[in-house]
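If you want the building blocks of each chain, they are given just below.
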Amino acid sequence: MQTKKIVITGGPSTGKTAVIENLEDQGFTCLHEVIRSMTLQKKEEQQTRNFKSNPIVSVDDPMAFNNAILKARIAQYKTIESIEKDVVFLDRGIPDVLAYMDCFKQTYDEHFIEACTKHSYDFVFFMPPWQEIYVSDNERLESYEESLLINECLLNTYQQLGYNTIIVPKDSIANRIDFILNTIQAG
């Protein structure tokens, strides 16, 4: 069985996690975002540092943090090999690491790009910025303005890697899920 790997991505607070959680409630296999727990852990380790923005610019060693995110996303991707389902949804994909590094003007070497080209996805659904639902919390530190920039970087990165990014309409969670499932079925 060839499992379809479906990424749901977009900037902070665009509804990705709500859609993933609802898909999971409907019985779909979903792999959750890896960075939220990593951010909380880094904040606790670096209690003296005030995190004011994305953790990749707030941690003591951004490259080590980015490598840890990349490694976690690759490991998550590889777990799909043992899942016997038609479809697996991922809350963010490996290219998100590159997009965030580009967004925050960080350099990276070839292994980041290679990770993206070696691990591909069947569909990439993009959740656009949506100010009315935007909130920040202990692990989501970006302002709405930063989220707009991150959205642009995410779109650019996926498109540069050759993906057709499918924009999910701003709508109810149920309607967003219907849109995603109908698009997959039609594809």
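The notes below deal with the structure included here. (Residues numbered from 1 in each chain as written. Predicted model: local features only at pLDDT ≥ 70, side-chain atom pairs only at ≥ 80, totals over all residues. Heavy atoms only, no water.)

### Quick look at the overall build of the protein
Counting its regular elements, the protein contains 8 helices and 5 strands. Listing each helix as α and each strand as β along the protein from the N terminus yields β-α-β-α-α-α-β-α-α-β-α-β-α. Within the protein, buried positions represent 50% of all 187 residues. Restricting to contacts in the protein with at least 6 residues of sequence separation, those with at least 24 account for 76%. Within the structure as shown, the protein displays about 9,300 Å² of accessible surface, and the carbon and sulfur contribution to it stands at 48%. (Helix = DSSP H or I, 4+ residues; strand = E, 2+ residues; numbered from the N terminus. Buried < 20%, exposed > 50% of the residue type's maximum accessible area, 1.4 Å probe, protein only. Contact = heavy atoms within 4.5 Å. Areas by Shrake-Rupley, 256 points an atom, 1.4 Å probe, with all protein chains shown as cover.)

### What to know about the pattern of salt bridges
One pass over the structure, following the stated rule, counts 3 salt bridges. Linking Glu 33 and Arg 73 is a salt bridge whose minimum nitrogen-to-oxygen distance equals 2.7 Å. Of the two residues, Glu 33 sits in the loop between strand 2 (29-31) and helix 2 (35-45) while Arg 73 sits in helix 4 (residues 62-79), which places them 40 residues apart along the sequence. Across the pair Arg 92 and Glu 33 runs a salt bridge, and its minimum N-O distance is 2.8 Å. With a gap of 59 residues between them, Arg 92 in the loop between strand 3 (87-91) and helix 5 (95-103) and Glu 33 in the loop between strand 2 and helix 2 connect regions that are remote in the sequence. (Salt bridge = Lys/Arg side-chain N within 4 Å of Asp/Glu carboxyl O.)

### Points about helix 4
For helix 4, built from 18 residues, the straight-helix expectation of 26 Å at 1.5 Å per residue is met to within 8% by its first-to-last C-alpha distance of 26 Å. Residues Phe 65, Asn 66, Ile 69, Leu 70, Arg 73, Ile 74, Gln 76 and Tyr 77 constitute the buried set of helix 4. (Expected span 1.5 Å × (residues − 1).)

### Notes on the nonpolar core
Within the largest apolar cluster, 33 residues are counted, with the highest numbers of intra-cluster contacts made by Leu 70, Ile 94, Tyr 121 and Leu 154. Going through the elements one at a time, helix 4, strand 3, helix 5, helix 6 (110-118), strand 4 (123-127) and helix 7 (144-160) are the ones with two or more residues in this core. Tyr 121 has contacts with Lys 5, Val 7, Tyr 77, Leu 90, Gly 93, Ile 94, Pro 95 and Tyr 163, leaving out every residue within four places of it along the chain. In this structure, Cys 30, Phe 123, Phe 125 and Val 168 belong to the second largest nonpolar core, which totals 16 residues. (Core = buried A, V, L, I, M, F, W, Y, C linked by side-chain atoms within 4.5 Å.)

### Some details on the sheet that holds strand 5 (residues 165-167)
Across the sheet, 5 strands lie side by side as 2-3-1-4-5; this open sheet has parallel pairing. With one partner strand each, in any of the chains shown, strand 2 and strand 5 form the two edges of the open sheet. Neighbouring strand axes in the sheet, compared pairwise and without regard to direction, differ in orientation by 30° on average. By the bridge criterion, 5 bridges tie strand 1 (residues 4-10) to strand 4 in an arrangement that is parallel. Bridging from a neighbouring strand, Val 7 pairs with Val 124 of strand 4. (Pairing = 2+ DSSP bridges. Axes fitted to C-alpha atoms, helices over the stretch in contact; angles between N-to-C directions.)

### Comments concerning the side chain of Asn 151
Within the fold, Asn 151 resides in helix 7. Under the relative-accessibility criterion, Asn 151 is labelled buried at 3%. With residues near it in sequence (within four places) discarded, Asn 151 still touches Gly 10, Gly 11, Thr 14, Phe 126, Met 127, Pro 128 and Pro 129.

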